[in-house]
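Below, each chain spelled out in residue letters.
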Amino acid sequence: MLTEKQMTNRPSPEALLKKIQKENRGKLTVFLGAIAGVGKTFTMLKTAHEQISEGKNIVIGWVETHGRVETEKMVEGLPRVAPAILHYRDKELAEMDIDAILKLKPEIVLVDELAHTNVSGSRHVRRYQDVEELLEAGIHVYTTLNVQHIESLNDIVAQITGVIVRETVPDYVIEEADTVQLIDIAPENLMQRLRDGKIYIPAQAERAAKKFFRQGNISALRELSLRFTAQRVDKDLEEYMREHYIEGPWPASGRVMVCVSGSPFSAQLIRAASRLATGLRSELLAVHIEAEKMHFPIGEKERDRIAKNLRLAEELGAKTLTIVGQNLVDEMIDIASKQNITAIVVGKPNHSKFSDFFRGSVVDNVIRRSGNINVYVIRGTKEKESEPIVKTKSSQSTDSPSDFGLSLLMVATITIVGWLFKTQLEVINIAFLYILPVLLSAIWWGKWPSYLSAITGILALDFYFIEPIMTFSIGDIRYAWSFVIFLLLSALIGGRTNDLKKETKQARQQEKSTRAVYEFSRDIAAVVDTEAIARSLARQAGETIERKIIVLLTNEEGKIENETNFDPELNKSNDKTVVTTLSDAEAAVVAWVYKNKQPAGRSTDTLPGGNYLYVPIYSQDQVFGVFGVYLAQQKLTPSERRLIDAWVRLAAVAMERVSLAEQARHNDMLIEADKLRTALFNSISHELKTPLSAIMGSVSTLLEAEHLYNKQDRTELLNNIKDSSLRMERLIGNLLDTARLESGMMEIKSDWCDIEDIIGATLRRMGDLIKNSQLKIHIEEDLPLIKADCVLIEQVFVNLIDNAIKYSDHQAEITIRAKKLNDEIEISIMDHGSGIPTEDLEKIFNKFYRVEQPQKVTGTGLGLSICRGIIEAHKGKIYAMNRSAGGAVICFTLPIKRYE
């Protein structure tokens, strides 16, 4: 038996589900090295030869020998898939042919250089994405990777070597690998291999020795790879202990918080925080705090960077949180205290102490107010940003020549007005008039037209209104200071007005985005149908961004089951008929997006030839469908791209909720069916065994010792066989009736029936079963005929009378009443038994439900359930109640219909 501690450390249901799903996936083996030349590819090929000798089906998908003699010899004897030839900038370049590998479907495929970037036009942008597709197809993959290509270690490697590695692999790829094998070699041996030309050709080797292959770099990278592999071993050991319920010193976990911003260094902070959280075995919380009042408005580039950094944090396993507050430090400390944070990661500021004098130092304030929380200050370095998967158009407005022309026209108008009224106006009045074009230009066209109007206004004021006029000379030097102040004032007014304009635009855009997300979340909050969610998604997206939208729901095999379209143009014209026929090329993109769970199509580097951008709707490991937006005419703006991300995530969560609810209902049905099956088995096994035993006993007696019994004894044995056979007949009849009711196959053959005739037929049918009971029948005179199935109503009488006999004493009185009650006929069967407990009056009509009695009463608990099904099929009612004088009454009503 498991102890309480072992129960606590048991793997969660989600972990067990992932484990089951992973069994159908190919296994990934990573040969990890500290640097090029340690022997990763050689070891991979050597392992492949060993596997081939054991009868495994192995092919080379891609191997880079770099001209190394030992490696080229190891390639010999291994089957190799021919590369795909791609045309790029008038060149023919070779890449791994993933389709050929999938068609061949070997047991193991060798894929060298996991971090490689594919040639433009390939199915995937990166080689690790190719590997993921092979793994999903159930193919095992052997691959190689250097430690500097791991995403979370990227900035550390840059600090060590001074080289920023552009090609990185997300951490989850390595974390989900089944095996990570460290290939290590002493730095001295590696340097000797470099000098011997076994890694690079002599000229290359000389350059490498001066730059990347320095002794210090090699030692640092070697230590980094050893530490990474040690963490992997610790994690594997911990998972093993949990899976096998092995008690151990499980460390108490803390929480690490990192702030996410639009800074170029924010990604480095997130990686550093992820490494810290991994080392401390703590949870990671990534927080973005948006100030209510900003000195400078955030641009679309910064907002895109924030969204990208939040996604990076999620990929590294962090929980994300976005809040709005007035003071950055106050909000950080408040969140840290509420979320039980044990460590905060902040970036080392790159600005000077002089700027801290005016703005204050965030780092110093956090450290002073952190209390018992540890604060880690990380130095950031500038790194080149990678291209986004989905390319968007620039949202920055560009100044057109007409804007500058109009601002000059306003200056000219003010000049003409001032010239006409120069006798009535002072120079200072005219100077103030020139502020008007500056202000209006900033409001209508932006800061640069505003600055142009300020400069031309000063020149016009000097040329036309300040002595000596018609020259740019200044007669009074005091005007020079006035000009400087005017320009400064104009720059301040124009710049600030332009900033306010941008803030207003961004506030409106943010309000629109928030409203759109809120409306969609409200629409799908209580929806329990995936098709309704898809319709709501298509409508909300189409109306907000005013583009054609298509939402495709797929089954487990990736085939389209439901298609929802929305065209804003047709919607405006009230034409609700929207039909979109996907071409074969578009359908292929949809299938790829479903399978790989990544965006593809228009505005991406993956299958960009179509008219739509497709985004997968998925949550965890389940893909529900594909969202498509029409981009044949223009790209998405960054804000529209973020909106689509939000909608798709909300839709995925809602569809997951529906899926889980359906699974829960299905599980409840299975549990209920199992209970019914158990009850049926227990009841039927006993009810069949008793009459069968009686029949077999009587038959055996007659066959084996017939001469010992007289005629009366033989008749009694035969009657026993008859009664037992009738009992079995009723039992089997009840089972068949229940099955027909459950399946909906019971047919009502209505005809005009007389209740008195049905009661008479029932009593004749029951025969000997009622001979020991006192039946009293009271039928109201002139009862009208009813339209019903006489055979089924007779079965109701049989079951109710049989039930009354079972629960009454021997020779007890049983009364049958029938009377007209408004537009119905009410029939009552009354007994003088012990009655029915009040709490069981409604339950007795449920399948297999039986009231507990002191005396043993035979039966399956199906009779009253069948009666309810038959009566309700006739649009009648059936209910039970207790008599005041003792016993129970079961009544049912049947509607009276007029003669047709």
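Criteria and cut-off values
Residues numbered from 1 in each chain as written. Predicted model: local features only at pLDDT ≥ 70, side-chain atom pairs only at ≥ 80, totals over all residues. Heavy atoms only, no water. Pairing = 2+ DSSP bridges. Helix = DSSP H or I, 4+ residues; strand = E, 2+ residues; numbered from the N terminus. Axes fitted to C-alpha atoms, helices over the stretch in contact; angles between N-to-C directions. Contact = heavy atoms within 4.5 Å. Buried < 20%, exposed > 50% of the residue type's maximum accessible area, 1.4 Å probe, protein only. Disulfide = S-S within 2.5 Å. Salt bridge = Lys/Arg side-chain N within 4 Å of Asp/Glu carboxyl O. Expected span 1.5 Å × (residues − 1). Phe/Tyr/Trp six-rings, centres within 6.5 Å; stacked < 30°, edge-to-face > 60°. pLDDT = per-residue confidence, 0-100. Patch = residues over 30% accessible without salt bridge, like charges linked within 9 Å, V, L, I, M, F, W, Y side chains within 5 Å. Areas by Shrake-Rupley, 256 points an atom, 1.4 Å probe, with all protein chains shown as cover. Left-handed = near helix turned anticlockwise from the far one by under 90°. Nonpolar A, V, L, I, M, F, W, Y, C, P; charged D, E, K, R; others polar. Parallel < 35°, antiparallel > 145°, perpendicular 65-115°, else oblique.

Colleague: Provide a residue-level description of the sheet that holds strand β1 (residues 28–33), including the pertinent values.
Modeller: One open sheet holds the five strands; their spatial order is β2-β5-β6-β1-β7, and the pairing between them is parallel. Sheet topology places β2 (58–62) and β7 (179–183) at the edges, where each strand pairs with a single neighbour. On average, adjacent strands in this sheet sit at an angle of 20° to one another, irrespective of strand direction. Sitting on the sheet, helix α3 (residues 40–53) touches β1, β2, β5 (108–111), β6 (140–146) and β7, and the angle it makes with β6 is about 160°.

Colleague: Break down unusual backbone geometry for me, citing the residues and quoting the values.
Modeller: Look at glutamate 113: it is not a glycine, yet its phi comes out positive at around 55°. Inspection of the secondary structure puts glutamate 113 in the loop between β5 and α6 (127–136). Look at glutamate 546: it is not a glycine, yet its phi comes out positive at around 55°. Take glutamate 546: it is sitting in the loop between α22 (530–545) and β13 (549–554). A relative accessible area of 54% places glutamate 546 in the exposed class.

Colleague: Can you explain the environment of lysine 819? Please cite residues and give values.
Modeller: Note that lysine 819 resides in strand β21 (residues 813–821). Taking the C-alpha atoms as reference points, lysine 819 and isoleucine 779, 40 residues apart in sequence, are found 6.4 Å from one another. In this structure, lysine 819 is in contact with Glu780, Leu783, Glu824, Ile825 and Glu826, ignoring residues within four places of it in sequence.

Colleague: Run through the state of the cysteines, naming residues and quoting values.
Modeller: By the definition in use, this model includes one disulfide. Residue cysteine 753 pairs covalently with cysteine 790 via a disulfide, S to S 2.0 Å. Sign of the S-S torsion, about -95° for the bond between cysteine 753 and cysteine 790, identifies this disulfide as left-handed. One end of the pair, cysteine 753, is in strand β18 (residues 751–753); the other, cysteine 790, is in helix α28 (residues 790–806), and 37 residues separate them in sequence.

Colleague: Lay out the pattern of salt bridges in plain terms, naming residues and giving numbers.
Modeller: Taken as a whole and assessed by the stated rule, the structure comprises 15 salt bridges. The residue glutamate 283 makes a salt bridge to lysine 319 at a minimum N-O spacing of 3.9 Å. Taken together, the positions of glutamate 283 in strand β9 (residues 283–291) and lysine 319 in strand β10 (residues 319–325) put the pair 36 residues apart, joining distant regions of the chain. By relative accessible area, which is 35% here, glutamate 283 ends up partly exposed. What you see here is one network of salt bridges that share partners, running through Asp99, Arg123 and Glu133.

Colleague: Can you explain the environment of tyrosine 614? Please cite residues and give values.
Modeller: Note that tyrosine 614 resides in strand β16 (residues 612–619). Classification of tyrosine 614 by relative accessible area gives buried; the value is 0%. Considered as a pair, tyrosine 614 and glutamate 586 are 28 residues apart in the sequence and their alpha carbons are 9.3 Å apart. Every residue in contact with tyrosine 614, bar those within four places of it in the chain, is listed here: Ile550, Leu582, Glu586, Val589, Val590, Val593, Pro599, Ala600, Val626, Phe627 and Gly628.

Colleague: A description of α3 should follow, citing residues and the corresponding values.
Modeller: With 14 residues, α3 should reach 20 Å at 1.5 Å per residue; the first-to-last C-alpha distance of 20 Å fits that figure. Taken residue by residue, α3 has Lys40, Thr41, Thr43, Met44, Leu45, Thr47, Ala48 and Gln51 as its buried positions. Each element contacted by the buried residues of α3 is listed here: β1, β2, α4 (69–75), β5, β6 and β7. At the C-terminal side of α3, glycine 55 shows a positive phi close to 90°.

Colleague: A description of the packing of aromatic side chains should follow, citing residues and the corresponding values.
Modeller: The tally for this structure, following the rule as stated, stands at four aromatic pairs. Pairing phenylalanine 31 with tyrosine 142 gives two aromatic rings, centres 5.9 Å apart and planes at 80°, and the pair type is edge-to-face. Placement of the pair is phenylalanine 31 in strand β1 and tyrosine 142 in strand β6, with a sequence separation of 111 residues. Accessibility assignment for this pair places phenylalanine 31 and tyrosine 142 in one class, buried. Ring pairs connect the aromatic residues Tyr612, Tyr614 and Tyr630, which therefore count as one cluster.

Colleague: Account for the confidence of the model for the chain, with residues named and values stated.
Modeller: When pLDDT is averaged across the chain, the result is 77; 79% of the residues are at 70 or more. Mean pLDDT across the elements of the chain bottoms out in helix α1 (residues 4–8) (43) and peaks in β5 (94). In this model residues 1–14 is a low-confidence stretch, pLDDT under 50, and it forms 18 contacts with partners more than four residues away in sequence or in other chains. In this model, residues 248–252 is a region of pLDDT below 50 whose contacts with residues beyond four sequence positions or in other chains number eight contacts.

Colleague: Just give me the short version of the sheet that holds strand β23 (residues 877–882), but keep the residues and values in it.
Modeller: What the five strands build is an open sheet, ordered β19-β21-β22-β24-β23; its pairing is mixed. The sheet terminates laterally at β19 (774–779) and β23, the two strands that pair on one side only. The mean angle between the axes of side-by-side strands here comes to 15°, regardless of whether they run parallel or antiparallel. As paired strands, β21 and strand β22 (residues 824–830) are joined by seven bridges and run antiparallel to one another. When the sheet's bridge partners are listed, isoleucine 816 is paired in β22 with isoleucine 829. Contacting β21, β22 and β24 (888–895), α28 runs over the sheet at an angle of about 170° to β24.

Colleague: Would you mind going over a nonpolar patch on the surface in detail, with residue names and values included?
Modeller: Judged by side-chain polarity, Ile416, Val417, Trp419, Leu420, Phe421, Tyr464, Ile469 and Met470 come together as a nonpolar surface patch covering roughly 710 Å² of accessible area. When residues in the nonpolar patch are grouped by element, the largest group, four residues, is from helix α17 (residues 401–420). When you line up the elements, isoleucine 416 lands in helix α17.

Colleague: Pulling in residues and values, what's your account of the packing of helix α14 (residues 328–338) against helix α16 (residues 362–369)?
Modeller: Two numbers describe how α14 lies on α16: the axes approach to 10 Å, and their chain directions differ by 35°. In this structure, α14 meets α16 at a crossing whose hand is right-handed. Counted together, Leu328, Val329, Asp330, Met332 and Ile333 of α14 and Val362, Asn365, Val366 and Arg369 of α16 form the full contact between these two elements. Taken together, the residues of the contact of α14 with α16 sort by class into six nonpolar, one polar and two charged.

Colleague: Lay out the packing of helix α7 (residues 154–161) against helix α12 (residues 266–280) with the relevant residues and their values.
Modeller: α12 packs onto α7 with a crossing angle of 105° between their chain directions and a minimal axis gap of 8 Å. One element, α7, and the other, α12, form an angle in the roughly perpendicular class. Together, Asn154, Asp155 and Ile156 of α7 and Gln268, Arg271 and Arg275 of α12 make up the contact between the two elements. Its residues assigned to classes, the contact of α7 with α12 shows one nonpolar, two polar and three charged.

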